[in-house]
Every structure is written in C-alpha cells, then in structure tokens.
Amino acid sequence: MADQFILTKHEGHVAILTLNRPDVLNALNIPLMDELITTFEKLDNDPSVHCFVLTGNAKAFAAGADIKEMAEASVVDMYERNNLARWERIKKVRKPIIAAVSGFCLGGGCELAMHCDMIVAGEGAQFGQPEINIGVIPGAGGTQRLGKAAGKFRAMELILTGRFFNAAEALEIGLATKVVPDDVYLEEAVALAQKIAKNSPMAVRFAKEAVLKAFESPLSEGLDYERKMFYMLFGTEDQKEGMAAFVEKRKPEFKGK
Ligand code: CAA
C-alpha cells in the first residue's frame, strides 16, 4: 500500500519524507524500504523537487533493520531476499538528501543516515552500529561509510563494541553536519534544504555527484571528473543567469535549465 510507511510532504521545492513505523522505532523492514526507494525515485524525477529531507520522529530516526524479519532467516533466505542490494538505489538518488535525526539512529538507521548527504541531529540523538551485539556486522555500508567519515581507529572501536554515541560525538568524528536543540532538528534541516533548493538544480546535482566521486576514486580521476562537470555547466542557462546576476548586482533566478 502506498504512503503507509513513508509520509511525504512538500514545502516549496523541498520534499520531506518521514519514516512511519513508530511502534517499532521505525525498524526498516522490506516493505518500508521498498516504499522509501519508490518514493525517492519518483521524486528524483520530479523537476519541482530540488532537495530532500529524510526524517523519523522525535524518539527514533530508525533503530535499524527489522530484527524480527531476519531473526530466523537462513543464508539462502538472506541471499534470495537480497534486501541489502536495494540500498544501492538510494545511493543513486541524484538530488541532495538531508537526514534530520532525533532519538535512536542505530544499525541500518545509522547506515541510512550515512546514505544521505548531510546529517542534522538533535542534541539528544543516539547513534550506533550495534549489530555486533546481536551476532552480526553492519550490512548496509556501515563498515565502509563510518570509516570514511570517522577514520579507521574511531570506526573500529564503534563497530567492534557496538556502543551508542551521542550527537556531540557524531559531530566531533565528522558524522553529523550540525547539532541543534532537539525541538528544532527538523526545522533546521528543512531550512538547510531550502537554502540548497534556491541554487541551480543542475549545479547542485553535479556538485553532489562530484563530491561523492571523491570517495570512490583516486584523486586524479576525481579531479578530472570535477573539471568536466564544471565545463558542462557552461551549457546551462543557469550558469549564464548566475554569472549575469553577479555582474548586474542582482539576485539570480535559476530555472533548472
Ligand atoms: N527491529 C525490530 N524491532 C525493533 C527494532 C529493530 N531493529 N528496534 C526496536 N524494535 C521494537 C521493539 O522490539 C519493540 O517492539 P515491541 O513493543 O513489539 O516489543 C519496540 O520497537 C520498542 O523498542 P524497545 O521496547 O526495545 O524500546 P527501548 O526504548 O527499551 O529500547 C533501543 C530502544 C535501545 C533502540 C532497542 O529497541 C534496541 O536495542 N533496538 C535494536 C537496535 C539494533 O540492534 N539495531 C541494529 C539492527 S541489525 C541491522 O541494522 C543490520 C544492518 O546493518 C542492516
């Protein structure tokens, strides 16, 4: 059923997606993930949306993959479900995604936040990769992405102990973009998204792609990629408008063309 596990709201050019399984702290089961991916893909192709905010509720962004859904699964079940391969489709969303995090952000929940491009956290948020405590390891990119954000030695301690860490530590290790009072975490994330949504949509998407390239390629390849994308933007009306507006000392009006 559509709109069951993902609630969608539009504020101008910002789409706010809310994970909606509050009774189980937004545990990420397969139907929720399928709905999330379908919603992202639909809105990624909608030119009126420039930026996403992904959030949960005050108590939980998400407390991880649904443990009950996989507790009895065999290797073959897990292989056949291939649930984790679904996450690749979130990685392919071209518009920026800001995670607005309050409460628990654990396991697959933390990995989902790390699929986003920025993380705005309420000061009471609790992060963690506690999979080790239930006999597994992070499976949706946590061993890779936490290391990229926090460095090997911090990630190793967090993943091997599974301990929770607070928003201040998330900020300190480079996981959170910004920590704000709990009562404004969503407001602040939406304000940041609105600021980004005012820029040229093409330039924003190219910028996201180029920054992400740095994490998957050697420096020389990333620089080459960046240079080509920079040149390509000179084929857009937005580049002409942005530079003309600067010269004419006025605000640019971007059209996404
Ligand atoms: N999966 C399924 N159900 C979950 C869940 C999860 N990950 N997390 C919480 N829930 C459910 C609980 O079972 C409970 O449901 P019932 O009322 O039906 O019993 C409800 O949510 C509320 O949870 P608690 O009663 O446990 O709430 P609490 O405030 O006492 O504790 C918590 C909160 C510390 C977050 C605790 O729920 C917890 O430890 N959750 C599991 C965290 C975890 O291990 N996450 C990793 C999952 S594995 C994973 O994510 C793999 C991967 O890499 C993809």
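Only a predicted model underlies this, so the values are computations on that prediction, with no experimental measurement involved.

What follows concerns the side chain of K95. The topology assignment puts K95 in the loop between α4 (87–91) and β5 (97–101). The charged side chain of K95 is buried without a salt bridge, its nearest counter-charge being D44 at 4.6 Å. Sequence-distant contacts of K95, defined by excluding residues within four places in its chain, comprise L43, D44, N45, D46, P47, V49, H50, F52, D117, R205 and K208.

All right, on to the environment of G122 then. Tracing the chain through its elements places G122 in strand β7 (residues 118–122). Of the residues examined, G122 reaches a relative accessible area of 0% and is grouped as buried. Here the alpha-carbon distance between G122 and S102, two residues 20 residues apart in the chain, equals 5.2 Å. Leave out the neighbours within four places in its chain, and G122 touches V101, A167, V179, V180, D182 and Y185.

Turning next to the domain arrangement of the protein. What the domain assignment lists for the protein is domain 1 (6–197) and domain 2 (201–247). If you average the C-alpha positions of domain 1 and of domain 2, the two centres end up 26 Å apart. Buried surface at the junction of domain 1 and domain 2, summed over both partners, amounts to about 780 Å²; 57% is from carbon and sulfur atoms. Counting every contact that joins domain 1 to domain 2 gives two salt bridges. Residue K91 is joined to E216 by a salt bridge in which the shortest nitrogen-to-oxygen separation is 3.2 Å. Across the contact surface, domain 1 and domain 2 share four residue pairs in polar contact (both at pLDDT 80 or more).

For the coordinates displayed, the defined rule picks out 17 salt bridges. Of the charged contacts, one joins D117 and K208 as a salt bridge, the two residues approaching to 2.8 Å between their closest N and O atoms. Here D117, found in the loop between α5 (108–115) and β7, pairs with K208, found in helix α10 (residues 201–213); they are 91 residues apart in sequence, far enough to count as distant. Given the relative accessible area of 26%, D117 is considered partly exposed. Using a relative accessible area of 10% as the deciding quantity, one classes K208 as buried. A salt bridge links R250 to E248; the shortest N-O distance between them is 2.7 Å. Several salt bridges share partner residues, and in doing so they unite R154, E157, R163, E169 and E172 into one network.

Definitions and limits used
- Residues numbered from 1 in each chain as written.
- Predicted model: local features only at pLDDT ≥ 70, side-chain atom pairs only at ≥ 80, totals over all residues.
- Heavy atoms only, no water.
- Helix = DSSP H or I, 4+ residues; strand = E, 2+ residues; numbered from the N terminus.
- Buried < 20%, exposed > 50% of the residue type's maximum accessible area, 1.4 Å probe, protein only.
- Lys, Arg positive; Asp, Glu negative; His and termini not counted.
- Salt bridge = Lys/Arg side-chain N within 4 Å of Asp/Glu carboxyl O.
- Contact = heavy atoms within 4.5 Å.
- Domains from an automatic or database assignment.
- Buried area = accessible area lost by both parts, 1.4 Å probe.
- Polar contact = N/O pair within 3.5 Å; in protein donor to acceptor, adjacent residues only side chain to side chain.

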